[in-house]
Amino acid sequence: MKKILMISLMISEFAFGQVKKDTLDKEYKLEVTPYKAEKKEKPYPLSKKGQTFVFFGWNRGAYSNSDIHFTGNGYDFQLNNVSARDRPTKFGIVYFDPAWFTVTQYNFRVGYFIKDNLALVLGIDHMKYVMKQNQTVDFSGYISDPKYAAMVHNGQVNLSDEQFLTFEHTDGLNYENLGLEKYKNLIHKKNIDLVWSYGAGLGVMFPKSNIKLFGNERSDRFHVAGMGTDVRSSLNLVFWKNWMIRAEAKAGYINMWDIKTTLNNKPDKARQDFVFGEIFAGIGYTFNTKKYN
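Every chain is numbered on its own, with residues counted from 1 as its sequence reads. Residues qualify for local features only when their pLDDT is at least 70, as the model is predicted, and side-chain atom pairs are given and counted only at 80 or more; totals for whole chains, interfaces and linings, by contrast, use all residues. Working from all heavy atoms in the structure, the side-chain values ignore hydrogens and water.

Draft legend 1. The arrangement of the overall build of the protein in detail. Counting its secondary structure elements, the protein contains two helices and 16 strands. Burial here depends on accessible area, computed with a 1.4 Å probe over protein chains only, as a share of the maximum for the residue type. Under 20% is buried, over 50% is exposed, and the range in between is partly exposed. Within the protein, the proportion of its 293 residues that are buried is 40%. Note on definitions: a residue-residue contact is assigned when non-hydrogen atoms from the two residues lie within 4.5 Å. Within the protein, residue pairs in contact and separated by at least 24 positions form 70% of the contacts whose partners lie at least 6 positions apart. Elements are defined by DSSP. Helices are runs of H or I of four residues or more, strands are runs of E of two residues or more, and each kind is numbered from the N terminus.

Draft legend 2. Focus on the layout of surface pockets. In this analysis, the protein atoms alone were mapped onto a 1 Å grid. Cavities are point sets where a 1.4 Å probe fits without being able to get out; pockets are open sets with protein on both sides within 12 Å along at least five of seven lines; lining residues have an atom within 4 Å of a point. Grid points are joined across faces, edges and corners, and a volume is the space filled by probe spheres set on the points. Considered as a void within the structure, the largest pocket measures approximately 180 Å³ in volume. Considering the residues around the largest pocket, the lining is formed by 13 residues, among which Asn73, Tyr75, Phe214, Asn216 and Asp268 are closest to the centre. Throughout this entry, Asp, Glu, Lys and Arg are counted as charged residues, while Ala, Val, Leu, Ile, Met, Phe, Trp, Tyr, Cys and Pro are counted as nonpolar. The remaining residues, Gly among them, count as polar. For the lining of the largest pocket, a count of residues per class yields five nonpolar, five polar and three charged.

Draft legend 3. Fine view of the environment of Glu181. Counting through the fold element by element, Glu181 comes out in strand β10 (residues 165–188). Measuring from C-alpha to C-alpha, the distance between Glu181 and Tyr198 comes to 5.4 Å, with 17 residues separating the pair along the chain. The contacts of Glu181, once residues within four sequence positions are left out, are Phe53, Asn117, Leu118, Ala119, Val121, Ser197, Tyr198, Gly199, Arg232, Arg246 and Glu248. A polar atom in the side chain of Glu181 sits 2.8 Å from the side chain of Arg232. Distance and chemistry together define a polar contact, namely a pair of N or O atoms within 3.5 Å, with one atom able to donate a hydrogen and the other to accept it when in protein, and with adjacent residues in sequence counting only for side-chain atoms on both sides.

Draft legend 4. How the structure looks around empty space enclosed by the protein. Scanning the entire structure with this criterion turns up two cavities of 30 Å³ or more. The calculated volume of the second largest cavity comes to roughly 40 Å³. Around the second largest cavity sit Pro207, Ser209, Ser219, Arg221, His223, Ala225, Asp258, Ile259 and Lys260, which together line it. Contributing elements (two or more residues each) for the lining of the second largest cavity: β13 (219–222) and β15 (243–260). When residues in the lining of the second largest cavity are grouped by element, the largest group, three residues, is from β15. Taken together, the residues of the lining of the second largest cavity sort by class into three nonpolar, three polar and three charged.

Draft legend 5. Here's a closer look at the environment of Tyr129. As for its placement among the helices and strands, Tyr129 is situated in strand β6 (residues 118–131). When residues no more than four places from it in sequence are discounted, the contact partners of Tyr129 are Tyr63, Ser66, Ala84, Arg85, Phe167, Glu168, His169, Thr170, Leu173, Gln272 and Phe274. A distance of 3.2 Å separates the side chain of Tyr129 from the side chain of Gln272, its partner in a polar contact.

Draft legend 6. Here's a closer look at the pairing of β10. Examined bridge by bridge, β6 and β10 share twelve bridges and lie antiparallel to one another. Counted as the bridge partner of Val130 is Glu168 from β10. Strand pairing requires that DSSP identify at least two bridges connecting the strands. Between β10 and strand β11 (residues 192–205), which pair antiparallel and follow one another directly, the connecting turn spans three residues.

Draft legend 7. Looking closely at the side chain of Asp125. With respect to the helices, strands and loops of the structure, Asp125 is situated in strand β6. Looking at Asp125, its side chain comes within polar contact range of the side chain of Asn107, at 3.5 Å. Other than its neighbours up to four places away in sequence, Asp125 contacts Tyr106, Asn107, Arg109, Leu173, Asn174, Tyr175, Asn177, Lys250 and Glu278.

Draft legend 8. Quick peek at the nonpolar core. Think of a nonpolar core as a cluster: buried Ala, Val, Leu, Ile, Met, Phe, Trp, Tyr and Cys residues, connected wherever their side-chain atoms sit within 4.5 Å. Within the largest apolar cluster, 33 residues are counted, with the highest numbers of intra-cluster contacts made by Phe70, Phe77, Leu79, Phe164, Leu165, Phe167 and Leu173. For Phe77, the residues in contact, after removing those within four places along its chain, are Ile68, His69, Phe70, Phe139, Ser140, Gly141, Tyr142, Ile143, Phe164, Leu213 and Phe214. With eleven residues, the next largest nonpolar core counts Phe53, Phe113, Val195 and Val238 among its residues.

Structure representation (structure tokens):
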């Protein structure tokens, strides 16, 4: 009987030890998984709130015909359907020398993303507007000076000899504008992005008009002359994460009701309004764009 009891105790201790060992193995066994690095993704440029960009480029412009109304001491007349063109600078070192950059037809932009994909853009469009000299235009109104009144024949005046009028905004037709632009990514690759934008702007006209009327001393000074508005669209090629090439087209309307036509502070002035088109391209740089998210 004692032998049977001893054998039963030994079997129970062995069984209990096995259960305890199995429990401990299960309880204290650590599960080890290999470390896997998180994949870094390239961010979208020209997209996030807080991002900024700057841009500098060069433009070409085109203008609709316009009626120009002149008023002053001894005259009040209008030239109808006057045509004009831009005046691009011949390509050369002047395009790259900072001391001469204002000679060219240039554009400058600073943009700040006030929310994702929406930027507030401050711009300067330094265009040039030159009345075509070799043209005959319709005339209405009066001139008291007999010399210049005699240049009007059958309700028209020939401007080709430059004696009656030279009329330019060549220093220049400055459109200082503020716009809102919406951005959308079209291509997102490792080293390159293509981003499309569209928007509209509004601003003041701050021309330096070169005007010589009736042989008076030429007016040549900066002056707030009116306002302008535009719609625009651009393609932006972003490379090396921060650099960009921008090409933009815009169309707009300009109304200048206070163009100075004499050098001093006489009441002489002109007014005109016209539609314009503009294309430009250049290079820019984006800020606050992290290399990776």
